[in-house]
Amino acid sequence: MSRVFKLKSSDNETFEVEEAAALLSETIKSSSSTEITVPNVKAEILGKVVEWCNKHAESEDTKDQLIKEWDAEFVSVDQHVLFKLITAADYLQIKELVDQLTQRVGDMIKAKTLKTVEMTYPTFNVEREVQEELKSLGF
Amino acid sequence: MALGKNCRSSSLKCSFSSGGGGEEGFVRALGRKRIEIPDAGPKTPLKKQRSECFAFDFDFEGESSKLEALPREILIKILCGVDHEDLKQLFSVSKAIREATLIAKQLHFVYSTPRKIPAFRTKIDFSESNDELDEIEAPNAPRLHRELPSRKKLEEISVNLLDSLEEGIRRGLFMDEDDE
């Protein structure tokens, strides 16, 4: 009989997850309780993560083309959702999901479709910083 | 040490106005982060320092996606998947990102090179491509012919970076599982 895990979002919504799906998370795996609260992650995001886990628990062959397509679809979200998903997947230590999400961000950087605040308004002046570093090293 | 002005201060008062922005613009708290929204009105004392404050281009659900806000290991992992050319554009974005970019570059090199990297003073195999050898040296690394006066400072910096690196490696973040 497989256990059922309860994942609670920061806005107090609970998701019930079957063992196979839940154990994709290292955090859950090494937790002594079947009730886990995921801090700083809202239901909208946690729900998506659960969806991913469920999908991956039911399909054993992750190299399957259909799953790959599903995954590609899954990560094609708005970048702010993407970042939140990364935070959640990272906390839950779901390696493959983290891999897929970070791969997506990398792809967006390459495609120049990633627009973050820092990129739009860089605050860092490389040359000046290097000059100062050199100075402090006695050059 | 703040090199440039930026709006990431946590000492701003939080006043929230909904819809259309009030006369003073507003600051919205996200946990501990405060992001300032530009106002159309006259400058307030609070905004004196931030006169060149900017328009945020994001979906204002309240949170902007920031590369820097991600855990360091994750940021490095992301950058590992980005080519050299594209990394360049990130180099001058912010200090944190620059550091992560440098680490990613190093890692890229370490993990994609099958053979061991020879030390500088040992025999160099010239039959291999020399491009990689050029890359061994860290960019902008000063040539030091004497002991560093601020070694301690360097150690502090590198410990910080190495911690992140170690953490990432420990968690297997930089491992390439697929062998095609």
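Anyway, here's the lowdown on the structure attached to this text. This is a predicted model, so every value here is computed, not measured.

### With respect to the packing of helix 3 (residues 43–58) of chain A against helix 5 (residues 79–92) of chain A
All names here are of chain A.
Reasoning step 1: Interaxial distance between helix 3 and helix 5 falls to 10 Å at its minimum, and their mutual angle equals 65 degrees. Both helix 3 and helix 5 take part in a crossing whose hand is right-handed. For the pair helix 3 and helix 5, the contacting residues are Glu-44, Ile-45, Leu-46, Lys-48 and Val-49 in the first and Val-81, Lys-84, Leu-85, Ala-88 and Leu-92 in the second.
Reasoning step 2: For the contact of helix 3 with helix 5, the class distribution of residues is 7 nonpolar, no polar and 3 charged.

### What to know about the pairing of strand 2 (residues 14–18) of chain A
All names here are of chain A.
Reasoning step 1: Burial along strand 2 is one-sided: Phe-15 and Val-17 are buried, while Thr-14, Glu-16 and Glu-18, pointing the other way, are not.
Reasoning step 2: Both strand 1 (residues 4–8) and strand 2 contribute to a ladder of 5 bridges, which runs antiparallel. When the bridges of strand 2 are listed, Lys-6 appears paired with Glu-16.
Reasoning step 3: Taking the residues that link successive antiparallel strands as the turn, the strand 1-strand 2 hairpin has 5 residues, and the phi of Asn-12 there is positive, at about 65 degrees.

### Considerations on empty space enclosed by the protein
Residues and elements named next belong to chain A.
Reasoning step 1: Using the criterion set out here, one finds 2 cavities of 30 Å³ or more in the structure.
Reasoning step 2: Considering only enclosed or pocket space, the largest cavity measures out at about 40 Å³ in volume.
Reasoning step 3: What lines the largest cavity is Leu-7, Val-17, Ala-21, Ala-22, Ser-25, Ile-28, Val-49, Val-50, Cys-53, Leu-92 and Ile-94.
Reasoning step 4: For the lining of the largest cavity, the secondary-structure elements that each account for two or more residues are helix 1 (19–22) and helix 3.
Reasoning step 5: In terms of residue count, the dominant contributor to the lining of the largest cavity is helix 3 (3 residues).
Reasoning step 6: The class makeup of the residues in the lining of the largest cavity is 10 nonpolar, 1 polar and no charged.

### Side note on helix 2 (residues 84–91) of chain B
Reasoning step 1: Every buried residue of helix 2 of chain B is listed here: Asp86(B), Leu87(B), Leu90(B) and Phe91(B). Axial view of helix 2 of chain B: buried residues confined to an arc of 165 degrees, hence all on one face.

### Notes on the packing of aromatic side chains
Residue and element names in this part refer to chain A.
Reasoning step 1: Throughout the structure, instances matching the rule amount to 1 aromatic pair over all chains.
Reasoning step 2: Note on Trp-70 and Phe-74: the rings are 5.3 Å apart at their centroids and 20 degrees apart in plane angle, and the pair reads as stacked. Note that Trp-70 and Phe-74 are positioned in helix 4 (residues 65–75) at a spacing of 4 residues, about one turn of the helix.
Reasoning step 3: Assessed through its relative accessible area of 21%, Trp-70 is described here as partly exposed.
Reasoning step 4: The ring of Phe-74 carries the charged tip of Lys-48 above its face, separated from the ring centre by 5.0 Å.

### Comments concerning the sheet that holds strand 2 of chain A
Strands pair in a sheet through their backbones, by hydrogen bonds, and they do so in one of two ways: parallel or antiparallel.
Residues and elements named next belong to chain A.
Reasoning step 1: Within the open sheet, the 3 strands sit side by side as 2-1-3. Their pairing is mixed. Bordering the open sheet on either side are strand 2 and strand 3 (35–37), each of which pairs with just one other strand. Strand-to-strand twist of the sheet, defined as the mean angle between neighbouring strand axes without regard to direction, takes the value 25 degrees.
Reasoning step 2: Note that strand 1 and strand 3 share 3 bridges and pair parallel. Residue pairing across strands places Lys-6 opposite Glu-35, the latter belonging to strand 3.

### As for the nonpolar core
Reasoning step 1: Residues Val105(A), Leu67(B) and Leu90(B) are the most contacted members of the largest nonpolar core, which totals 57 residues.
Reasoning step 2: It is helix 5 of chain A that provides the largest number of residues to this core, a total of 8 residues.
Reasoning step 3: Setting aside chain neighbours within four positions, we find Val105(A) in contact with Leu82(A), Phe83(A), Ile86(A), Leu114(A), Leu67(B) and Ile78(B).

### Quick notes on the pattern of salt bridges
Reasoning step 1: In total, this model carries 6 salt bridges over all chains according to the counting rule given.
Reasoning step 2: In this structure, Glu19(A) engages Arg3(A) in a salt bridge whose closest nitrogen and oxygen atoms are separated by 3.3 Å. Placement of Glu19(A) in helix 1 and of Arg3(A) in the segment before strand 1 is noted, with a sequence separation of 16 residues between them.
Reasoning step 3: Here Glu99(B) and Arg72(B) are joined by a salt bridge, their closest N and O atoms 2.8 Å apart. Of this pair, Glu99(B) sits in helix 3 (residues 95–112) while Arg72(B) sits in helix 1 (residues 72–80); the two residues are 27 residues apart in sequence, bridging distant segments of the chain.
Reasoning step 4: Arg72(B) gets classed as partly exposed once you look at its relative accessible area, which sits at 23%.

### Quick word on the side chain of Lys77(B)
Reasoning step 1: Topologically, Lys77(B) is positioned in helix 1.
Reasoning step 2: Under the relative-accessibility criterion, Lys77(B) is labelled buried at 12%.
Reasoning step 3: Sequence-distant contacts of Lys77(B), defined by excluding residues within four places in its chain, comprise Val98(A), Asp99(A), Thr102(A), Leu173(B) and Phe174(B).

Parameters and conventions
Each chain has its residues counted from 1, running along the sequence as written. Written order decides the labels, with chains lettered from A and ligands numbered from 1. Per-residue local features are limited, in this predicted model, to residues with pLDDT of at least 70; the limit for side-chain atom pairs, both in listing and counting, is 80 or more; totals at the level of whole chains, interfaces and linings are taken over all residues. With hydrogens and water set aside, each side-chain value is computed from the structure's full complement of heavy atoms. Fitting a line to C-alpha atoms yields each axis, with helices limited to the stretch in contact; the angle taken between N-to-C directions then spans 0 to 180 degrees. Put simply, DSSP marks the helices as runs of H or I at least four residues long and the strands as runs of E at least two long, and each gets a number from the N terminus on. By definition, turning the near helix anticlockwise from the far helix through less than a right angle yields a left-handed crossing, and turning it clockwise yields a right-handed one. By definition, residues are in contact when any of their heavy atoms lie within 4.5 Å. Residue type decides the class: Asp, Glu, Lys and Arg count as charged, Ala, Val, Leu, Ile, Met, Phe, Trp, Tyr, Cys and Pro as nonpolar, and the leftover types, Gly among them, as polar. For each residue, the accessible area found with a 1.4 Å probe, counting protein chains only, is set against the maximum for its type, and the residue is called buried under 20%, exposed over 50%, and partly exposed in between. For two strands to pair, DSSP has to find at least two bridges joining them. A cavity here means a set of points on a 1 Å grid, drawn over the protein atoms and nothing else, where a 1.4 Å probe fits but cannot get out; a pocket is an open set with protein on both sides within 12 Å along at least five of seven lines, and a residue lines either one if it has an atom within 4 Å of a point. Grid points are joined across faces, edges and corners, and a volume is the space filled by probe spheres set on the points. What the arc measures is the spread of directions leading from the helix axis to the C-beta atoms. To pair, rings of Phe, Tyr and Trp, with the six-membered ring standing in for Trp, must have centres within 6.5 Å; the planes then decide the type, stacked if under 30 degrees apart, edge-to-face if over 60, and tilted in the middle. Placement of a positive charge over a ring is assigned whenever Lys NZ or Arg CZ falls within 6 Å of the ring centre and within 35 degrees of the normal to the ring plane. Residue types Ala, Val, Leu, Ile, Met, Phe, Trp, Tyr and Cys, when buried and joined through side-chain atoms within 4.5 Å, form a set referred to as a nonpolar core. When a carboxyl oxygen of Asp or Glu is within 4 Å of a side-chain nitrogen of Lys or Arg, the pair counts as a salt bridge.

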